[in-house]
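# Descriptive analysis of the structure
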Amino acid sequence: MKRPKKQRQQALKDSIKDNPFVTDEELSVEFDVSVQTIRLDRMELAIPELRERIKHVAVKTFEDEVKSLPIDEVIGEIIDIELDNKAISIFDVKPEHVFQRNKIARGHHLFAQANSLAVAVMNEELALTVKSELQFLRPVTAGQRVVAKAEVIESHPEKNRAFVKVVSSVDQQTVFIGTFEMYRMTEQSEGEAK
């Protein structure tokens, strides 16, 4: 039996509060109403769409953790990070990110997502990319979501270097692999530079 509108909207608020990553489609199944009804309820309740909720949670959660660049300079949205270890970001490919002729994403967007994630995972005030090795394995098109996973695979503090591997996928199929050699400015190396 369907709930009255006021009850449904209160339950919708509670459900999104418990899980800000729930989709409109999942909510429509949970409440046995159309996706459009969920969207209208969200609009009436001033609850943003999933993408904005993810962004809000990420900024609120990670803005104090990421040291090497402002969180709004990361391409895509960071959804998980452990400094000097691993990080995950998502990037939704929009029409402005693709070639108009074939609707395939421009490679520099995938690179920018991976590179900014490699910088963000560094636990330093200054982290710069020295060198990268890249493989573009499959085309990505408008409307797809790219999930990038970064992992610090080597660290050489004595040389102010770290190596970060980033694997990006769409629907669990790998589309991009990058290995980034990172320069990290530590307090010790900063003192040596003076």
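Under an unreviewed UniProt entry, the name given to the chain is Transcription factor FapR, and the organism recorded is Planomicrobium stackebrandtii. Comment text from UniProt for the chain, heading Sequence similarities (unreviewed entry), reads "Belongs to the FapR family."

### Topic: the pattern of salt bridges
Scanning the model with the defined rule gives eleven salt bridges in all. Of the charged contacts in the structure, one is a salt bridge between glutamate 44 and lysine 5, with a shortest N-O distance of 3.0 Å. Of the two residues, glutamate 44 is situated in helix H3 (residues 35-44) and lysine 5 in helix H1 (residues 5-18); the sequence distance between them amounts to 39 residues. Given a relative accessible area of 41%, lysine 5 falls into the partly exposed group. A salt bridge links lysine 131 to glutamate 181; the nearest nitrogen and oxygen atoms lie 4.0 Å apart. In this pair, lysine 131 is assigned in strand S3 (residues 126-136) and glutamate 181 in strand S6 (residues 173-185), connecting sequence segments 50 residues apart. Residue class for glutamate 181 comes out buried when judged on its relative accessible area of 14%. Several salt bridges share partner residues, and in doing so they unite Asp24, Glu25, Arg39 and Arg42 into one network.

### Focus: the sheet that holds strand S2 (residues 86-92)
Pairing between the strands of a sheet comes from backbone hydrogen bonds, and it takes one of two forms, parallel or antiparallel. Read across the sheet, six strands follow the order S1-S2-S4-S5-S6-S3 without closing on themselves; strand pairing throughout is antiparallel. The open sheet has two free edges, formed respectively by strand S1 (77-82) and S3, since each of these has just one partner strand. The sheet shows a mean angle of 20 degrees between the axes of neighbouring strands, direction not considered. Together, S1, S2, S3, strand S4 (145-156), strand S5 (161-170) and S6 form the strand contacts of helix H5 (residues 107-120), whose direction differs from that of S6 by roughly 45 degrees.

### With respect to the nonpolar core
By size, the foremost hydrophobic cluster in this structure holds 31 residues, and its most contacted members are Val93, Met122, Val140, Val146, Val164, Val166 and Met182. Elements represented by at least two residues in this core include exactly S1, S2, H5, S4, S5 and S6. Here this core takes six residues from H5, the largest share from any one element. The residues contacting valine 146, other than those within four sequence positions of it, are Ser89, Ile90, Phe91, Val93, Leu110, Gln113, Val140, Ser168, Ser169 and Val170. Leu12, Val22, Phe31 and Val33 belong to the second-largest nonpolar core, a separate cluster that totals nine residues.

Definitions and limits used
All chains use their own residue numbering, which begins from 1 and follows the written sequence. With pLDDT at 70 or above as the cut-off, local features in this predicted model cover only qualifying residues; side-chain atom pairs require 80 or more to be listed or tallied, and sums for whole chains, interfaces and linings still use all residues. Side-chain calculation: all heavy atoms of the structure are included, whereas hydrogens and water are not. UniProt positions are given in the numbering used here, feature names are shortened, and annotations may be inferred rather than shown by experiment. Salt bridges are identified by distance alone: a Lys or Arg side-chain nitrogen within 4 Å of an Asp or Glu carboxyl oxygen. Here a strand is any run of E in DSSP of at least two residues, a helix any run of H or I of at least four, and the numbering for each starts at the N terminus. Only protein chains enter the accessibility calculation, which uses a 1.4 Å probe. A residue is then buried if its area is under 20% of the maximum for its type, exposed if over 50%, and partly exposed in between. Should DSSP find at least two bridges between two strands, the strands are taken to pair. As a rule, the C-alpha atoms of each element are fitted with a line to give its axis, helices using only the stretch in contact, and angles between N-to-C directions run from 0 to 180 degrees. By the convention used here, residues are in contact when the closest approach between their heavy atoms is within 4.5 Å. For the purposes of this section, nonpolar cores are sets of buried Ala, Val, Leu, Ile, Met, Phe, Trp, Tyr and Cys residues that join through side-chain atoms within 4.5 Å.

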